[in-house]
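Here is how the chains run, residue by residue.
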Amino acid sequence: MEQVGVVGCGLMGSGIAEVCGRAGLDVVVVESSDQAAAAGRARLEASLRRAVERGKLEDADVVLDRIRVLTDLDALTDRDLVVEAILEEETAKTSLFRDLDKIVASPTAILASNTSSIPIMKLGVATERPAQVMGIHFFNPVPVLSLVELVPSLLTSAETTERGRAFVQDKLGKRAIDCQDRAGFVVNALLIPFILSAIRMMESGFATAEDIDQGLVLGAAHPQGPLALADLIGLDTTKAIAESLYDEFKEPLYAAPPLLERMVSAGLLGRKTGRGFYTYTR
């Protein structure tokens, strides 16, 4: 798999494109508009320049030359693997997979989703090739974090899963873990209830955001607190994952707290908007 496509060039999509480009692969990224494509390209350039400054990469331009950011899905027709990294919304993802099924020419090409919570089966059955559909879930920031969750559905072939594993581990040099096709997979099924519990604690007045986060950083050796982590993930994404988990399991611990609902409605989404539980300089 030398020809890789990525749909979406936001935080996750640009990170996936970057690690593929750094691995020497030919990458086509598709965005929804010229403005979004330009922003995605700028995000890629900034990340690669930082990698050079930190001594993690020798030449940003060599990597950038391997990555094209376009606005036409038809540019993905010759890809061996396409990774979807659009908004965490089931209708949008299933619609995209229907389109990719028609566009990607190779019958053995893998259509993968970077979803953090939506069942892969729902995406697979939207296509005529569910055996080639799987979840390949990266973690933010993609160039830094080594973990990738591999998620086959009941209809994903064993060959597809092993090809996905070889791509993640041999091509990208990351560590893969196997997950069943259940909402949240492994990491978010554990992480999101933890974050929601911290939000409820703050919402109830039990402790401030700063004290909650400092308690976990200094008392439990977490690299950052749960509320700062929610800001990094994006409060809209946190809410979307919580809703997927609740829809599947109907457990109260997965229900989004009212405070989270209100903050998302207000556009206070965390780092990407400059304000969430904390305020950030953009």
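In what follows, the structure referred to is the one given above.
One structure accompanies this document, and this report is about it.

A word on the overall build of the chain. Secondary structure summary: the chain contains 11 helices and 8 strands in total. Its C-alpha atoms give the chain a radius of gyration of 19 Å, near enough to 19 Å, the size a compact globule of 282 residues would have. Its C-alpha atoms put the chain at 55 × 45 × 35 Å along the principal axes. Counting over 282 residues, the chain shows a buried share of 48%. Sequence-distant contacts in the chain: of pairs separated by 6 or more residues, those separated by 24 or more amount to 67%. Within the structure as shown, the chain displays about 13,000 Å² of accessible surface, and the carbon and sulfur contribution to it stands at 52%. Averaging the positions of the 29 positive and the 39 negative side-chain charges in the chain gives two centres separated by 2 Å.

Counted under the stated rule, the structure contains 1 aromatic pair. With a centroid separation of 5.6 Å and an interplanar angle of 40 degrees, the aromatic rings of Phe-249 and Tyr-254 are classed as tilted. Overall, Phe-249 belongs to the partly exposed group, its relative accessible area being 23%. Judged by relative accessible area, Tyr-254 falls into the buried class, the value being 11%.

This brings us to the side chain of Glu-88. Looking at where Glu-88 falls in the secondary structure, it is placed in the loop between β4 (81-84) and α4 (90-103). For Glu-88, a relative accessible area of 18% corresponds to the buried category. Polar side-chain contacts of Glu-88 include one of 2.7 Å to the side chain of Thr-115. Here the side chain of Glu-88 touches Ser-117 through a polar contact of 3.0 Å, side chain to side chain. If sequence neighbours within four positions are ignored, Glu-88 has contacts with Lys-93, Thr-115, Ser-116, Ser-117, Ile-118 and Ala-240.

Going from Asn-140 to Pro-141, the amide bond is cis rather than trans, its omega being 0 degrees. With respect to the secondary-structure elements, Pro-141 resides in the loop between β6 (133-138) and β7 (147-152). Residue Lys-250 is not a glycine yet carries a positive backbone phi of 55 degrees. Overall, the relative accessible area of 52% leaves Lys-250 in the exposed class.

What follows deals with the state of the cysteines. Counting across every chain of the model gives 0 disulfides. Not engaged in a disulfide, the cysteine Cys-9 finds its nearest cysteine sulfur in Cys-20; these two sulfurs lie 12 Å apart. Free cysteine Cys-179: the closest other cysteine sulfur is in Cys-20, separated by 19 Å. Residue classification places Cys-179 among the buried positions, given a relative accessible area of 7%.

Turning to the sheet that holds β4, a few remarks are in order. Across the sheet, 8 strands lie side by side as β3-β2-β1-β4-β5-β6-β7-β8; this open sheet has mixed pairing. Only two strands of the sheet have a single neighbouring strand rather than two, namely β3 (67-70) and β8 (175-178). This sheet shows a mean twist of 25 degrees between the axes of neighbouring strands, independent of strand direction. Of the pairings in the sheet, the one linking β4 to strand β5 (residues 110-113) comprises 4 bridges and is parallel in character. Residue pairing for β5: Leu-81 is matched across the bridge by Ile-110. Those strands touched by helix α6 (residues 158-171) are β1 (3-7), β4, β5, β6, β7 and β8, and its axis lies near 170 degrees from that of β7.

What counts, and where the lines are drawn
- Residues numbered from 1 in each chain as written.
- Predicted model: local features only at pLDDT ≥ 70, side-chain atom pairs only at ≥ 80, totals over all residues.
- Heavy atoms only, no water.
- Helix = DSSP H or I, 4+ residues; strand = E, 2+ residues; numbered from the N terminus.
- Rg over C-alpha atoms; globule rule 2.2 N^0.38 Å.
- Buried < 20%, exposed > 50% of the residue type's maximum accessible area, 1.4 Å probe, protein only.
- Contact = heavy atoms within 4.5 Å.
- Areas by Shrake-Rupley, 256 points an atom, 1.4 Å probe, with all protein chains shown as cover.
- Lys, Arg positive; Asp, Glu negative; His and termini not counted.
- Charge placed at Lys NZ, Arg CZ, Asp CG, Glu CD.
- Phe/Tyr/Trp six-rings, centres within 6.5 Å; stacked < 30°, edge-to-face > 60°.
- Polar contact = N/O pair within 3.5 Å; in protein donor to acceptor, adjacent residues only side chain to side chain.
- Disulfide = S-S within 2.5 Å.
- Pairing = 2+ DSSP bridges.
- Axes fitted to C-alpha atoms, helices over the stretch in contact; angles between N-to-C directions.

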